[in-house]
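Descriptive analysis of the structure
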Amino acid sequence: MNLGLLMLAAAASTASGQFDLICSGSQTSSSILGEETKPYSVRYRLDLERNLWCDGECKATHEFAAVLPTQIQFVNKKTDTYSENSTDFQYVDRETGAHSVIVTSSDPNNRRSIYNFKWSGQCEKQPFSGFPSFETKF
């Protein structure tokens, strides 16, 4: 395929809502044992038309929690039960590229079980690298 056709195909994928995001920044984790901050980097593959995304090695696709004009929510879950309080909120701001992930988990019956994870960074749009196919036994 010549360069012109490749560029046209890449432009069509982007216009159709298929693209990758490369996000990087800092990840902070805290628990009763203390707090640690380190850098992170993640690749998301997004297909807005099919409502699918994956990250990292892309071993599984997921449906978006919401695709809004100014925000893409990958996950937006909250659990509040007798044995678990947890939050998982992952999104990217479509206007600024800001990436945020907040994951908390605790057992209300055990104060020592509180874990908090926060990723804060920026995303850059890249051409869509596609969803892989896998050889499976069943």
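Let me sum up the structure you'll find in this document. Worth saying up front: this structure is predicted, and the values here are computed from it rather than measured.

Cut-offs and rules
- For every chain, the first residue of its written sequence is number 1, and the numbers climb from 1 along that sequence.
- Only residues with pLDDT of 70 or above have their local features reported here, since the model is predicted, and side-chain atom pairs are shown and tallied only from 80 upward, although totals for entire chains, interfaces and linings are computed over all residues.
- Hydrogens and water are ignored here; the side-chain numbers use all heavy atoms of the structure.
- To qualify as a nonpolar core, a set must consist of buried Ala, Val, Leu, Ile, Met, Phe, Trp, Tyr and Cys residues joined through side-chain atoms within 4.5 Å.
- Only protein chains enter the calculation, and the probe is 1.4 Å; a residue is then buried if its accessible area is under 20% of its type maximum, exposed if over 50%, and partly exposed in between.
- Per the convention used, a helix needs a DSSP run of H or I reaching at least four residues, while a strand needs a run of E reaching at least two, with both numbered from the N terminus.
- Should any heavy atoms of two residues lie within 4.5 Å, those residues are considered in contact.
- By this definition, two strands are paired if DSSP reports at least two bridges between them.
- By salt bridge we mean one thing: a side-chain nitrogen of Lys or Arg within 4 Å of a carboxyl oxygen of Asp or Glu.

1. Here's the deal with the nonpolar core
The biggest cluster of nonpolar side chains holds 16 residues, and the ones touching the most others in it are L21, C23, Y44, L46, F64, I72 and F74. At the level of elements, β1 (18-31), β2 (34-47) and β6 (71-80) are the ones that each hand at least two residues to this core. For this core, the leading source of residues is β2, giving four residues. Discounting residues that sit within four places of it in the chain, L46 has contacts with G17, Q18, F19, D20, L21, L52, W53, F64, I72, F74 and F128.

2. Quick word on the pairing of strand β3 (residues 52-55)
As defined by bridge partners, β2 adjoins β3 across four bridges and the pair is classed as antiparallel. From the neighbouring strand, Y44 faces β3, where its bridge partner is D55. Hairpin connection, β2 to β3: the antiparallel pair is bridged by four residues, and N51 has positive phi, about 60°. Bridge analysis of β3 against strand β4 (residues 62-63) gives two bridges, and the strand direction is antiparallel.

3. A few points about the pattern of salt bridges
Going through the model one piece at a time under the given rule, you end up with two salt bridges. Here R43 makes a salt bridge to D20, at a shortest N to O gap of 2.5 Å. Placement of the pair is R43 in strand β2 and D20 in strand β1, with a sequence separation of 23 residues. On the basis of relative accessibility, which here comes to 32%, the residue R43 falls in the partly exposed class. D47 is the salt-bridge partner of R50, the closest N and O atoms lying 3.7 Å from each other.

4. As for unusual backbone geometry
Trans peptide bonds make up most of the peptide bonds, and negative phi angles are found at most residues other than glycine. Within the chain, N51 stands out as a residue other than glycine whose phi angle is a positive 60°. A residue is classified by how much of its surface remains accessible, and N51, at 27% relative accessible area, is partly exposed.

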